[in-house]
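# Remarks on the overall topology
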Amino acid sequence: MASKMKIEIVNVVVSASIGTELDLLKISADLDELEYDPQRFPGAIYRVKEPKTALLFFRSGKIVCTGAKSLKDVERVMETMVKQLTGIGVKITKKPEVTVQNIVATTDLGAELKLNAIAISLGLEKVEYEPEQFPGLVYRVEDPKVVALLFGSGKVVCTGAKKVEDIERAVENIRLELESAGFI
């Protein structure tokens, strides 16, 4: 029936550890791009222009990368970060092992959605829909375990996945479910 929908990854959030404590004050003095204000936030923020991402460094050696559009972007950013840290004398005791925390993606079902009818059809145990509070319908997908925000325009935002395949499977399951119920 329908051709495969275009799914766009809009954010990949990962965490990693470099296996050593970081002196954030020293690093922020050595790297101009690093913002560190411990009164406002316990970590240091490093904004990368290409690919556009942000790295959060914590004293424990933990690093969070957010804003990447792919795991390949994450790899590039992490490699660059390791080179910059070793370049200013930081001893990195282990290659940062990346753990995906969250993948956010968007797609378009290609049809307007009647969210009131969908909320009733899908069942209140899986759905939150309060249009006075938020214009989207919050749909908690069980398998794979993700949260999808459905909008009347047909746009869908999927969050909570750890793998791109989970997003693809969730979107396809939602499409099939809505199609079989006659909503698209």
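Up top is the structure.
All values derive from a computational prediction rather than experimental measurement.

This part is about the packing of aromatic side chains. Applying the stated criterion to the full structure yields 3 aromatic pairs. On the basis of an interplanar angle of 80° and a centroid distance of 6.1 Å, the ring pair of Tyr46 and Phe57 is categorised as edge-to-face. Of this pair, Tyr46 sits in strand β3 (residues 44-48) while Phe57 sits in strand β4 (residues 53-57), placing them 11 residues apart in sequence. Centre to centre, the rings of Phe134 and Phe151 are 5.8 Å apart; their planes meet at 65°, and the pair counts as edge-to-face. With a gap of 17 residues between them, Phe134 in the loop between β7 (127-128) and β8 (137-141) and Phe151 in the loop between β9 (146-150) and β10 (155-161) connect regions that are remote in the sequence.

Attention shifts here to unusual backbone geometry. Most peptide bonds are trans, and most residues other than glycine sit at a negative phi. Omega for the peptide link from Glu50 to Pro51 comes to -10°, which places this bond in the cis form. Its location among the elements puts Pro51 in the loop between β3 and β4. Residue Pro144 is bonded to the preceding Asp143 through a cis peptide linkage, with omega at 0°. By the element assignment, Pro144 lies in the loop between β8 and β9.

Cut-off values and rules
Residues numbered from 1 in each chain as written. Predicted model: local features only at pLDDT ≥ 70, side-chain atom pairs only at ≥ 80, totals over all residues. Heavy atoms only, no water. Phe/Tyr/Trp six-rings, centres within 6.5 Å; stacked < 30°, edge-to-face > 60°. Helix = DSSP H or I, 4+ residues; strand = E, 2+ residues; numbered from the N terminus.

By themselves, these figures tell us nothing about what the structure is for.
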